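Next come the chains, spelled out residue by residue.
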Amino acid sequence: MAVNSRPARAVLGQNQYGKAETRVVRITRDGATHHIRDLNVSVSLSGDMDEVHYSGSNANVLPTDTTKNTVYAFAKKHGIESAEQFGIHLARHFVTSQPSIHRARIRIEEYGWDRIGHGAEGAHSFVRSGQETRLAQITYDGERWEVVSGLKDLTVMNSTNSEFWGYVKDTYTTLPEAYDRVLATDVSGRWRFGWADGEEQAPDWDESYEQVRKHLLQAFAETYSLSLQQTLYAMGARIIDNRPEIDEVRFSLPNKHHFLVDLEPFGLKNDTADSAVYFAADRPYGLIEATILRDGCEERIPADLTNL
């Protein structure tokens, strides 16, 4: 039997390039009162890029340094109304100004600042606000838009109104059932907007973010939890029910375990009814993840949020 000795031909698959993590801070002066938008912007472009991979020809390549400069120039030219709107300006520019670029994906992290003091003292003095980071991803292919907003590192805790019991038990199960436990997590969430046509009225991105954040926090606080999965669903469902501009929500919630410390060796009783003392374990931790959709909508947010 003859053996085909011709080597297999390698072909190029999906590819993209761009400039990652361009930090841009815009300070707007409204008289003596200043306003800060603090972003970390990553640009990723794709299109007719076969030849640069096969032969090294850069004829279709917009330098990544140019994309960095564009971020700074657009911050001055267009301002930063919101992370989402800034990303829309950038994505539209890259796709419409360069024939070789067919798709632009803009990822943005936004860092919050709170005013220090009131009146004249608070006009231009700020302090970074908490751990929470606002997120936005804008994708444009010349015809359709996809806007996914989100947040990460939003740490929340319920000190009661949480139970965990009735679960499957096998040879290796040692966890005792809990009827009054601490429920804590670092919320990582993304939500996708139904807005996809640039001709349609876009949502108020900042207002939407604040309202989504409010609803997920209220759902976390108000849900008597029999499982973190139940709480996750309540958070997503509340967003879908109250924010018509959003079609899909995905959460990744680590279960930040708090275990009662055994104080019996010291002759001390340690229970939840009397000012209990806990050990806050950082790892290992349970990881609860799920997507909540508006009925009839398609699931598009990746299951692995690190792909966003």
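Residues numbered from 1 in each chain as written. Predicted model: local features only at pLDDT ≥ 70, side-chain atom pairs only at ≥ 80, totals over all residues. Heavy atoms only, no water.

Undergrad: Any chance you could break down the packing of aromatic side chains for me, citing the residues and the numbers?
TA: Counted under the stated rule, the structure contains seven aromatic pairs. Over the face of the ring belonging to Tyr285 we find Lys256, whose NZ or CZ atom lies 5.4 Å from the ring centre. (Phe/Tyr/Trp six-rings, centres within 6.5 Å; stacked < 30°, edge-to-face > 60°. Lys NZ or Arg CZ within 6 Å of the ring centre and 35° of its normal.)

Undergrad: Residue-level account of unusual backbone geometry, with values.
TA: Omega for the bond connecting Arg283 with Pro284 falls within 30 degrees of zero, at -5°, which places this linkage in the cis form. You will see that Asp153, though not glycine, has its phi angle at about 65°, which is positive. Note that Asp153 resides in strand 5 (residues 145–158). The exposure class of Asp153 is partly exposed, given its relative accessible area of 37%. A positive phi is found at Asn161, a non-glycine position, where the angle reads about 60°. (Helix = DSSP H or I, 4+ residues; strand = E, 2+ residues; numbered from the N terminus. Buried < 20%, exposed > 50% of the residue type's maximum accessible area, 1.4 Å probe, protein only.)

Undergrad: Could you give an account of the packing of helix 2 (residues 64–77) against helix 3 (residues 83–97), naming the residues involved and the relevant values?
TA: Interaxial distance between helix 2 and helix 3 falls to 11 Å at its minimum, and their mutual angle equals 130°. Taken together, the axis directions place helix 2 and helix 3 in an arrangement best described as oblique. Of the two possible hands of crossing, helix 2 and helix 3 adopt the one that is right-handed. Listed contacts from helix 3 to Thr67, Thr70, Val71, Phe74 and Ala75 of helix 2 are Phe86, His89, Leu90, His93 and Phe94. Looking at the contact of helix 2 with helix 3, its residues break down into six nonpolar, four polar and no charged. (Axes fitted to C-alpha atoms, helices over the stretch in contact; angles between N-to-C directions. Parallel < 35°, antiparallel > 145°, perpendicular 65-115°, else oblique. Left-handed = near helix turned anticlockwise from the far one by under 90°. Contact = heavy atoms within 4.5 Å. Nonpolar A, V, L, I, M, F, W, Y, C, P; charged D, E, K, R; others polar.)

Undergrad: Explain the packing of helix 4 (residues 205–222) against helix 5 (residues 228–242) to me, using residue names and the numbers behind them.
TA: Two quantities define a packed helix pair, namely the angle between the helix axes and the distance between the axes. Interaxial distance between helix 4 and helix 5 falls to 8 Å at its minimum, and their mutual angle equals 140°. The angle between helix 4 and helix 5 places the two elements in the oblique class. Note on packing geometry: the crossing formed by helix 4 with helix 5 is right-handed. Every residue of helix 5 that contacts helix 4 at Val212, His215, Leu216, Gln218, Ala219, Phe220 and Glu222 is listed here: Thr231, Ala234, Met235, Arg238, Ile239 and Asn242. Looking at the contact of helix 4 with helix 5 residue by residue, the class counts come to seven nonpolar, four polar and two charged.

Undergrad: Hey, could you go over the side chain of Thr22 for me, with residue numbers and the actual values?
TA: Among the structural elements, Thr22 can be located in strand 1 (residues 22–30). Not counting residues within four places of it along the chain, the set of residues in contact with Thr22 comprises Leu39, Asn40, Val41, Lys68, Val71 and Tyr72.

Undergrad: Describe the sheet that holds strand 4 (residues 126–140), naming the residues involved and giving the relevant values.
TA: Across the sheet, which stays open at both edges, the eight strands sit in the order 1-2-3-4-5-6-7-10 with antiparallel pairing between neighbours. Both outer strands of the open sheet, strand 1 and strand 10 (286–293), are each paired with one neighbouring strand and no more. Neighbour-to-neighbour, the strand axes of the sheet open up by a mean angle of 20°, direction not taken into account. On top of the sheet, helix 2 reaches strand 1 and strand 2 (33–47); it is set at about 10° to strand 1, its chief contact. Running at roughly 155° to strand 7 (residues 246–255), helix 5 makes contact with strand 6 (183–193), strand 7 and strand 10 of the sheet. (Pairing = 2+ DSSP bridges.)

Undergrad: Outline the nonpolar core, supporting the account with residue identities and numerical values.
TA: Judged by nonpolar contacts, the single largest core of 53 residues is most densely connected at Val41, Phe86, Ile106, Val187, Leu216 and Phe251. Per-element accounting of this core gives the leading share, seven residues, to helix 3. Apart from residues lying up to four places away in sequence, Ile106 is in contact with Val41, Ser42, Val43, Gly87, Leu90, Ala91, Phe94, Ala136, Gln137 and Ile138. (Core = buried A, V, L, I, M, F, W, Y, C linked by side-chain atoms within 4.5 Å.)

Undergrad: Just give me the short version of the pairing of strand 4, but keep the residues and values in it.
TA: Where strand 3 (residues 101–115) lies against strand 4, eleven bridges are found, and the strand directions are antiparallel. Looking at strand 4, one finds that Tyr111 is bridged to Thr133. Bridge analysis of strand 4 against strand 5 gives eight bridges, and the strand direction is antiparallel. By the bridge assignment for strand 5, Tyr140 is matched with Trp145. Linking two consecutive strands that pair antiparallel, namely strand 4 and strand 5, is a turn of four residues; a positive phi of about 95° is found at Gly142 within it.

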